Amino acid sequence: MSGSPPGEMEGLEVTDCEACTELCESRSRIVNGVGPADADLVFVGEAPGANEDEQGEPFVGRSGDVLTEALRDRGLARRDIRITNCVRCRPPDNRDPRSDELANCKGYLAAELERVDPELVVTLGKVPAQHLLERSVAVTKEAGTVHDARVGEGSYRILLCVHPAATLYDRSQESTFADALDEAVALAGLDGNGGGQSRLGEF
Ligand code: URA
């Protein structure tokens, strides 16, 4: 369930929200998504960490470096894609966002996806995968699989991927991450092999 966003949005940006008492205390700022408003690919992470909270941009810490480098290896720049999170405020002590916090923020994500209308949404890690598919997900096993899901009023193709940070803790996740990204870039028609055409009609 996503309902109406509980705070203010201007375009794709949440400008004011007080829906989660604890997150209002732990955040320095609201961290909105970045990237083109008409991106073919949208990456969805969990929630901002310390670096993101400080800089006001998703995935700018070590896991952001992993993601940026993986995009670069595939001929893409961060500015070519959109990156956002399920929850826009940093949880205290980097804990996982709670279900009430995920629910409070879902209307913003739904509004963002509706406006961007991407070819493909890529979830980074277990939290966004479970949040968007609304079921439990074994993300390492299911990485690289594509699903249709409704988010708010829209319906999207969603490819599951492990979190980039997983590759820092467990080298065996590197190929899982790389394979899912290869698939994402190809499905969105951004690999230079499809003449700009998405391959999603095959699924
Ligand atoms: N991890 C996430 O899930 N999101 C970020 O923005 C940074 C790290």
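Heads up: the structure comes first, above all this text.
Reading the values: the criteria
Residues numbered from 1 in each chain as written. Predicted model: local features only at pLDDT ≥ 70, side-chain atom pairs only at ≥ 80, totals over all residues. Heavy atoms only, no water. Helix = DSSP H or I, 4+ residues; strand = E, 2+ residues; numbered from the N terminus. Salt bridge = Lys/Arg side-chain N within 4 Å of Asp/Glu carboxyl O. Buried < 20%, exposed > 50% of the residue type's maximum accessible area, 1.4 Å probe, protein only.

*Asks:* Would you take a moment to explain unusual backbone geometry for this structure?
*Replies:* Glycine aside, a negative phi is what most residues show, and trans is what most peptide bonds show. Even without glycine at this site, Phe 59 takes up a positive phi of about 50°. Within the secondary structure, Phe 59 is located in the loop between helix 2 (50-55) and helix 3 (62-73). Located in the positive-phi region is Asn 94, a residue other than glycine, with phi close to 55°. Inspection of the secondary structure puts Asn 94 in the loop between strand 4 (82-85) and helix 4 (99-116).

*Asks:* So what exactly am I meant to see when it comes to the pattern of salt bridges here?
*Replies:* A side chain of one charge can pair with a side chain of the opposite charge if their charged atoms are brought near each other. All told, the structure shown has 14 salt bridges when counted by the stated rule. Arg 95 serves as the salt-bridge partner of Glu 101, at 2.8 Å between the closest nitrogen and oxygen. On the accessibility criterion, Arg 95 (23% relative accessible area) is partly exposed. The residue Arg 135 makes a salt bridge to Glu 142 at a minimum N-O spacing of 2.8 Å.

Honestly, it's all geometry; don't read function into it.
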